[in-house]
Amino acid sequence: MKEFLVKLGKIDRRVIYLLVILAVVIPLIVKIRLPIFISRETNGVYTIIEHCPEDKIVLLDCTWDAGNRGENWPQTEAVMVHLMRKGIKFAIMSRIPQGTGFGREIAEKVAKKYGKKYGIDWCNLGYLPGEAAMIQALAKDIKGVVKKDIKGTPLDSIPMMQGIEDIHDISLVCGIAYWPSEDWLRFVQGVYGTNVAFCSSAIVSSAMYPFLDSGQLCGLLVGVRGAAEYERLLGTEELGTELIVPQSMVHLLIVVLIVLANIGFWAERREKKEERRGIRDEGGETGK
């Protein structure tokens, strides 16, 4: 028994890799559904969009690339589904070149499902460099910063952008990124009181909770969990719901492996203590 317990702390890494692969693949083949509980931060994003007025637009800052597609894609899709269902117009922008393409791809997919049209229900402002300076300028004069959309169409010629001049015509800014820019809080929410929500990677989300607790953020989607919770609120099952199961299985596997490793470590220490005690006893008998 002792030998078996010691071996638990020395599982071959190849076995661990195999277990991780199985934990990811099996839930994708065999449909497993886990109970999903709605967190307050996810409910905050849902509630604020539910109350967005139809005469203003929502600005989606899709600043993410392929490296964070697994978390930000389902978040973006869930938010866009909600906006298009509610008939709330939104504009996409990105602070990195890759983000505009991913945002457009998701918007076109959702728009096709709900019968929405570009320029009337949504538009793409494209890549907007400049970080804090750009955000401050955009809040004061949208059309002064963005002359044309990603297709080269002047903003005044886009039906949904007519009458949209500054931050007062935007009901919500939703920053979707690995680490959303806090400049939206400093220069938009803090200065104009505009509602701001974030959709972030799970690993950096802990840094966002102080803004949530202070009321600066009205809501937060945390990684795949946030996307899955949002889909539950919408009554849909998309990528977030599909990914939350293998993610949960891998997390559970990690916990089990940590427990086994500690059991093995404890058994090995105990075995070494018994060996040292036996050596001391033998030495005592020899001295006699």
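The coordinates are above.
This one's a predicted model, so the numbers in the text were calculated from it and none came from an experiment. (Residues numbered from 1 in each chain as written. Predicted model: local features only at pLDDT ≥ 70, side-chain atom pairs only at ≥ 80, totals over all residues. Heavy atoms only, no water.)

**Describing the overall build of the protein chain**
Then, number 1: Along the protein chain, the regular secondary structure elements total 11 helices and 6 strands.
Then, number 2: Scaling as 2.2 N^0.38, a compact globule of 288 residues should have a C-alpha radius of gyration of about 19 Å, whereas the protein chain reaches 26 Å, well beyond that.
Then, number 3: In the protein chain, the share of contacts with a sequence separation of at least 24, taken over all contacts with a separation of at least 6, comes to 71%.
Then, number 4: A total of about 14,800 Å² of accessible surface is found on the protein chain, and carbon and sulfur atoms cover 58% of it. (Helix = DSSP H or I, 4+ residues; strand = E, 2+ residues; numbered from the N terminus. Rg over C-alpha atoms; globule rule 2.2 N^0.38 Å. Contact = heavy atoms within 4.5 Å. Areas by Shrake-Rupley, 256 points an atom, 1.4 Å probe, with all protein chains shown as cover.)

**Some points on helix H4 (residues 69-86)**
Then, number 1: The first and last C-alpha atoms of H4 sit 25 Å apart over 18 residues, in line with the 26 Å expected at 1.5 Å per residue.
Then, number 2: Positive phi appears at Gly-87, one or two residues downstream of H4, with a value of about 75°. (Expected span 1.5 Å × (residues − 1).)

**Looking at the pattern of salt bridges**
One side chain can pair with another of opposite charge once the charged atoms of both are near each other.
Then, number 1: Under the counting rule described, the total for this entry stands at 14 salt bridges.
Then, number 2: The salt bridge partner of Arg-225 is Glu-41, with a shortest N-O separation of 3.2 Å. One end of the pair, Arg-225, is in helix H10 (residues 223-234); the other, Glu-41, is in helix H3 (residues 40-50), and 184 residues separate them in sequence.
Then, number 3: Taking relative accessible area as the criterion, Arg-225 reaches 29% and is therefore assigned partly exposed.
Then, number 4: Assessed through its relative accessible area of 7%, Glu-41 is described here as buried.
Then, number 5: Where salt bridges share partners, they join Glu-41, Arg-225 and Glu-229 into one cluster. (Salt bridge = Lys/Arg side-chain N within 4 Å of Asp/Glu carboxyl O. Buried < 20%, exposed > 50% of the residue type's maximum accessible area, 1.4 Å probe, protein only.)

**Here's the deal with the pairing of strand E6 (residues 219-222)**
Then, number 1: Of the two faces of E6, both are covered, the one formed by Gly-219 and Leu-221 as well as the one formed by Leu-220 and Val-222.
Then, number 2: Taken together, the 4 bridges between strand E5 (residues 195-200) and E6 define a ladder with parallel strand orientation. The partner of Cys-199 across the bridge, within E6, is Leu-221. (Pairing = 2+ DSSP bridges.)

**So, the pairing of strand E1 (residues 57-63)**
Then, number 1: Counting buried positions along E1 gives 7 out of 7 residues, so the element sits mostly inside the fold.
Then, number 2: Looking at chain direction, E1 and strand E4 (residues 170-177) are connected through 7 bridges and run parallel. In the sheet register, Ile-57 faces E4, and the bridge partner there is Ile-170.
Then, number 3: For E1 and strand E2 (residues 90-94), the ladder comprises 4 bridges, and the chain directions are parallel. Looking across to E2, one finds that Leu-60 is bridged to Ile-92.

**Notes on the sheet that holds E4**
Then, number 1: Judged by pairing direction, the sheet is parallel, and its 6 strands sit side by side in the order E3-E2-E1-E4-E5-E6 without closing on themselves. The open sheet terminates on both sides in strands that have one partner only, identified here as strand E3 (122-127) and E6. Averaged over all neighbouring strand pairs, the angle between strand axes comes to 15°, with direction disregarded.
Then, number 2: As paired strands, E2 and E3 are joined by 5 bridges and run parallel to one another. (Axes fitted to C-alpha atoms, helices over the stretch in contact; angles between N-to-C directions.)

**What about the side chain of Glu-77?**
Then, number 1: You can see Glu-77 is positioned in helix H4.
Then, number 2: Reaching out from Glu-77, the side chain makes a polar contact with the side chain of Lys-109 at a distance of 2.9 Å.
Then, number 3: Dropping the residues within four chain positions of it, Glu-77 is found in contact with Ile-106, Lys-109, Val-110 and Glu-238. (Polar contact = N/O pair within 3.5 Å; in protein donor to acceptor, adjacent residues only side chain to side chain.)

**A look at the packing of H4 against H10**
Then, number 1: Close contact between H4 and H10 brings their axes to 8 Å; oriented N to C, the two are set at 25°. As judged from the angle between their axes, H4 and H10 are roughly parallel. Considering only the axes of H4 and H10, their crossing is left-handed. Here Gly-70, Glu-71, Pro-74, Gln-75, Ala-78, Val-79, Val-81, His-82 and Arg-85 of H4 lie close against H10, whose contacting residues are Gly-223, Val-224, Ala-227, Tyr-230, Glu-231 and Leu-234.
Then, number 2: When the residues that make up the contact of H4 with H10 are grouped by side-chain class, the tally is 8 nonpolar, 4 polar and 3 charged. (Parallel < 35°, antiparallel > 145°, perpendicular 65-115°, else oblique. Left-handed = near helix turned anticlockwise from the far one by under 90°. Nonpolar A, V, L, I, M, F, W, Y, C, P; charged D, E, K, R; others polar.)

**Topic: the environment of Ala-207**
Then, number 1: Topologically, Ala-207 is positioned in the loop between E5 and helix H9 (209-214).
Then, number 2: Residues Ala-207 and Trp-179, 28 residues apart in the sequence, show an inter-C-alpha distance of 9.3 Å.

**Some words on the environment of Asn-195**
Then, number 1: Turning to its location among the elements, Asn-195 is positioned in strand E5.
Then, number 2: Its relative accessible area of 32% is what places Asn-195 among the partly exposed residues.
Then, number 3: Spatially, the C-alpha atoms of Asn-195 and Glu-231 are 22 Å apart, while their sequence positions differ by 36 residues.
Then, number 4: The contact partners of Asn-195, leaving out residues within four places of it in the chain, are Ile-48, Ser-171, Leu-172, Val-173 and Cys-218.

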